[in-house]
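# Remarks on the overall topology
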Amino acid sequence: MCLAVPGKIVSISHHTDVNGDAILMRSGKVSFGGICKEVSLAYVPEAQVGDYVIVHVGFALSVVEESEAIENLHYLQQIGA
């Protein structure tokens, strides 16, 4: 079974190579109820600070509406996750 968890993007890092050119390693700090983790944002180039994303094994897979993210977090709290 796979579990993807919603989190809120609090900052975004734009990585560059030695020449200063942008590379496809966009990442950001995502807050999961106050615990922040570095997450790859490569699959969600449209994501911005303040957006909620669904994260699985360190990769943000999609951007979701805040109401949907909060509802999912509420369900996770109910089952004690």
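To be clear, the structure that these remarks concern was listed above.
Since this is a predicted model, take the numbers as computed values, not measurements. (Residues numbered from 1 in each chain as written. Predicted model: local features only at pLDDT ≥ 70, side-chain atom pairs only at ≥ 80, totals over all residues. Heavy atoms only, no water.)

### Here's the deal with the pairing of strand E5 (residues 59-64)
- Here strand E4 (residues 52-56) runs beside E5; their pairing, made up of five bridges, is antiparallel. Across the sheet, residue Val 55 finds its bridge partner in E5, namely Ala 60.
- What sits between the antiparallel neighbours E4 and E5 is a turn of two residues, in which Val 57 has the positive phi angle 45°. (Pairing = 2+ DSSP bridges. Helix = DSSP H or I, 4+ residues; strand = E, 2+ residues; numbered from the N terminus.)

### Focus: the pairing of strand E1 (residues 5-13)
- Relative to E4, E1 runs antiparallel, the two being bridged by four bridges. Within E4, the position partnered with Pro 6 by the bridge is Ile 54.
- Of the pairings in the sheet, the one linking E1 to strand E2 (residues 27-32) comprises five bridges and is antiparallel in character. If you follow Lys 8 over to E2, its bridge partner there is Ser 31.

### A look at the side chain of Ser 27
- Tracing the chain through its elements places Ser 27 in strand E2.
- Those residues in contact with Ser 27 that sit more than four places away from it in its chain are Ser 11, Ile 12, Ser 13, His 15, Glu 38, Val 39, Ser 40 and Leu 41. (Contact = heavy atoms within 4.5 Å.)

### What about the nonpolar core?
- In this structure, Ile 9, Val 30, Val 39, Leu 41, Val 44, Ala 47, Val 53, Val 55 and Ala 60 together form the largest nonpolar core, which totals nine residues.
- Sequence-distant contacts of Ala 47, that is, excluding residues within four places in its chain, are made with Ile 9, Ile 12, Arg 26, Val 53 and Val 63. (Core = buried A, V, L, I, M, F, W, Y, C linked by side-chain atoms within 4.5 Å. Buried < 20%, exposed > 50% of the residue type's maximum accessible area, 1.4 Å probe, protein only.)

### Focus: a nonpolar patch on the surface
- Judged by side-chain polarity, Tyr 43, Val 57, Phe 59 and Leu 61 come together as a nonpolar surface patch covering roughly 420 Å² of accessible area.
- Looking at where Val 57 falls in the secondary structure, it is placed in the loop between E4 and E5. (Patch = residues over 30% accessible without salt bridge, like charges linked within 9 Å, V, L, I, M, F, W, Y side chains within 5 Å. Areas by Shrake-Rupley, 256 points an atom, 1.4 Å probe, with all protein chains shown as cover. Salt bridge = Lys/Arg side-chain N within 4 Å of Asp/Glu carboxyl O.)

### Digging into helix H1 (residues 66-78)
- Helix length check: H1 (13 residues) gives 18 Å between terminal C-alpha atoms against 18 Å at 1.5 Å per residue, within 8%.
- With its phi angle positive at about 80°, Gly 80 sits one or two positions after the end of H1. (Expected span 1.5 Å × (residues − 1).)

The quantities given are spatial measurements derived from coordinates; they are silent on function.
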